[in-house]
Amino acid sequence: MGGRLGTVKLLVVEDEVRLARALRRGLQAEGFTVDLAYDGEEGLHFAKEGDYAALVLDIMLPRLSGYRVCQELRAAGIWVPVLMLSAKDGEYDEADGLDLGADDYLTKPFSYVVLVARLRALLRRGAPDRPAVLTAGGLSLDPATRAVRRDGTDIALTPREFSLLEFLLRRRGEVVTKSEILRHVWDSNYSGDPNVVEVYVGYLRRKVDAPFDVRSIETVRGAGYRLVAVGG
Ligand code: CA
């Protein structure tokens, strides 16, 4: 068993040097190969370059928090399993970590036996599922990297335009009403001018349709909008 586990490489990102070294010793004794990083930037760099089976990532780190490290890894399309560590009664909670792409979460002080059990469970599960790229004909939107393309050409969108396009793509082929769009893309309490939807649909068309001479965002009179597949 030891021989096979010897090939499993882990990265521990932890700024408390004594804890980091104790973790490395313990995990090495279990047969893992372990690299250490002592701040968020170094951790992110190692995680991007190294081929790790899993990460143990502290949240409170110098230079870049564990949350940011996790977020940037996911944005870079790196789906290594992440076990986050946090101090008890910290200002962060489990939901935040999991929202940002962590796969499991352990509160300090933790039992070493529990850490190893959780790590093994993560390794068995393997890399988490990457959110699917949404497409309609030649148009694609990647929720993980936030890249939008038509026929291979990158399109730059503002965050609001991105959210609107994501919503239309998730409901591809269906008519969505202005009020549904307002509820999902703005928020349920939005009390401004509902014509803002029309304005933003106009912006989107100018970016994802007009330059490519296609019409994928249709206006359905008196009902709303429908995104259809064209090209690709
Ligand atoms: Ca720390």
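A few points on the structure.

Rules used in this analysis
Residues numbered from 1 in each chain as written. Predicted model: local features only at pLDDT ≥ 70, side-chain atom pairs only at ≥ 80, totals over all residues. Heavy atoms only, no water. Helix = DSSP H or I, 4+ residues; strand = E, 2+ residues; numbered from the N terminus. Buried < 20%, exposed > 50% of the residue type's maximum accessible area, 1.4 Å probe, protein only. Contact = heavy atoms within 4.5 Å. Areas by Shrake-Rupley, 256 points an atom, 1.4 Å probe, with all protein chains shown as cover. Pairing = 2+ DSSP bridges. Right-handed = clockwise from strand over helix to strand, strands pointing away. Donors = N, O, S within 2.8 Å, 3.2 Å for Na, K, Ca; no water.

**A few points about the overall build of the protein chain**
Along the backbone of the protein chain there are nine helices and twelve strands. When each of the 232 residues of the protein chain is scored for burial, the buried share is 43%. Intrachain contacts of the protein chain at a sequence separation of at least 6 include 57% that bridge at least 24 residues. As presented, the protein chain carries roughly 12100 Å² of accessible surface, and 48% of it is formed by carbon and sulfur atoms.

**Looking at the pairing of strand β1 (residues 9-13)**
A large share of β1 lies buried, amounting to four of its five residues. Direction of pairing for β1 relative to strand β2 (residues 33-37): parallel, over a ladder of five bridges. Bridging from a neighbouring strand, K9 pairs with T33 of β2. As for the winding sense of the linkage, the β-α-β connection from β1 through helix α2 (residues 17-29) to β2 is right-handed. The sheet contact formed by β1 and strand β3 (residues 54-58) spans four bridges and is parallel. For L10, the partnering residue across the bridge sits in β3 and is A54.

**Digging into the environment of M84**
As for its position among the elements, M84 is in strand β4 (residues 82-87). In sequence terms M84 and L55 are 29 residues apart; their C-alpha atoms lie 8.1 Å from each other.

**As for the coordination of the calcium ion**
Those donors, D15 (OD), D58 (OD) and M60 (O), are the protein atoms that reach the calcium ion, and they lie 2.1 to 2.3 Å from it. Ordering the donors of the calcium ion by residue number gives the pattern D-x42-D-x1-M. A residue pair is termed long-range when its members are at least 10 positions apart, and D15 in the loop between β1 and α2 and M60 in the loop between β3 and α4 (66-75) qualify at 45 residues. Taking the relative accessible area as the measure of exposure, D15 reaches 30% and is therefore partly exposed.

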